[in-house]
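# Structural overview for review
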Amino acid sequence: RGWLGLDVATFYDKRRSAMVPLAFCFPGQVARGAVLPPPPRCAALWRARLLAHFPQPAWVLLVGGHAQRWHLGKAATRGVTATVRDWARHAPRVFPLPHPSWRNTGWLRRNPWFEAEVLPALRARLAALLRE
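Residues numbered from 1 in each chain as written. Predicted model: local features only at pLDDT ≥ 70, side-chain atom pairs only at ≥ 80, totals over all residues. Heavy atoms only, no water.

### Focus: the state of the cysteines
The tally for this structure, following the rule as stated, stands at 1 disulfide. Here C25 engages in a disulfide with C42; their sulfurs sit 2.4 Å apart. With the S-S bond torsion at 135°, the cross-link from C25 to C42 turns out right-handed. Of the two residues, C25 sits in the loop between α1 (8–11) and α2 (40–51) while C42 sits in helix α2, which places them 17 residues apart along the sequence. Overall, C42 belongs to the buried group, its relative accessible area being 13%. (Disulfide = S-S within 2.5 Å. Helix = DSSP H or I, 4+ residues; strand = E, 2+ residues; numbered from the N terminus. Buried < 20%, exposed > 50% of the residue type's maximum accessible area, 1.4 Å probe, protein only.)

Have a look at this one:
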């Protein structure tokens, strides 16, 4: 919510936004705590059914590598950092983002361009959509 610059009421307003998981099933974790990719059968089954209800969303945030690879295909194969750095290629409708986890504090420190470039563009786009 902080990255988006939204207050609590706006963030949780069901008439204005939806947060949708990639596959609707938890695939488990590896020993170091990272989440495994969604099983292809879950994403294939549930993602298409859900997106049918939102044929042309005004805005899509691809949070994390799994979502980026699912939606962007080969454009996301160089990794999260490269995909997020290439955000302008997908904007203004799609914004690839790293996962907003406490585990990413090191990533944010190593990539200050994210907060300097991506977040202002992200917030400006969202503000424009909310005014419509």
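### Looking at the side chain of H90
Relative to the helices and strands, H90 resides in helix α5 (residues 87–90). Classification of H90 as buried rests on a relative accessible area of 13%. Once you skip the residues sitting within four places of it in the chain, H90 turns out to touch L72, A75 and P96. (Contact = heavy atoms within 4.5 Å.)

### Section: the environment of R15
Here R15 is to be found in the loop between α1 and α2. The exposure class assigned to R15 is exposed, which follows from its relative accessible area of 75%. Sequence separation of R15 and L61 is 46 residues, and the distance between their C-alpha atoms is 17 Å.

### Focus: helix α7 (residues 113–131)
The end-to-end C-alpha distance of α7 is 27 Å, a good match for the 27 Å that 19 residues give at a rise of 1.5 Å each. The largest bend in α7 amounts to roughly 30° and is located at L119, with the proline P120 lying one to four residues further along. Looking at α7, one finds that the buried residues are W113, F114, V118, L119, L122, L126 and L129. Tucked into the core, α7 has its buried residues touching β1 (60–63), α4 (80–85), α5, β2 (94–97) and α6 (105–110). (Expected span 1.5 Å × (residues − 1). Bend = angle between axes of the 7 residues up to and from the residue.)

### Section: α2
Taking 1.5 Å per residue, 12 residues should reach 16 Å; α2 reaches 16 Å between its end C-alpha atoms and fits that length. Buried residues of α2: C42, A43 and R47, and no others. One side of α2 carries all its buried residues, which in axial view fall inside an arc of 90°. Against the buried residues of α2 lie α3 (65–72). (Arc of directions from axis to C-beta.)

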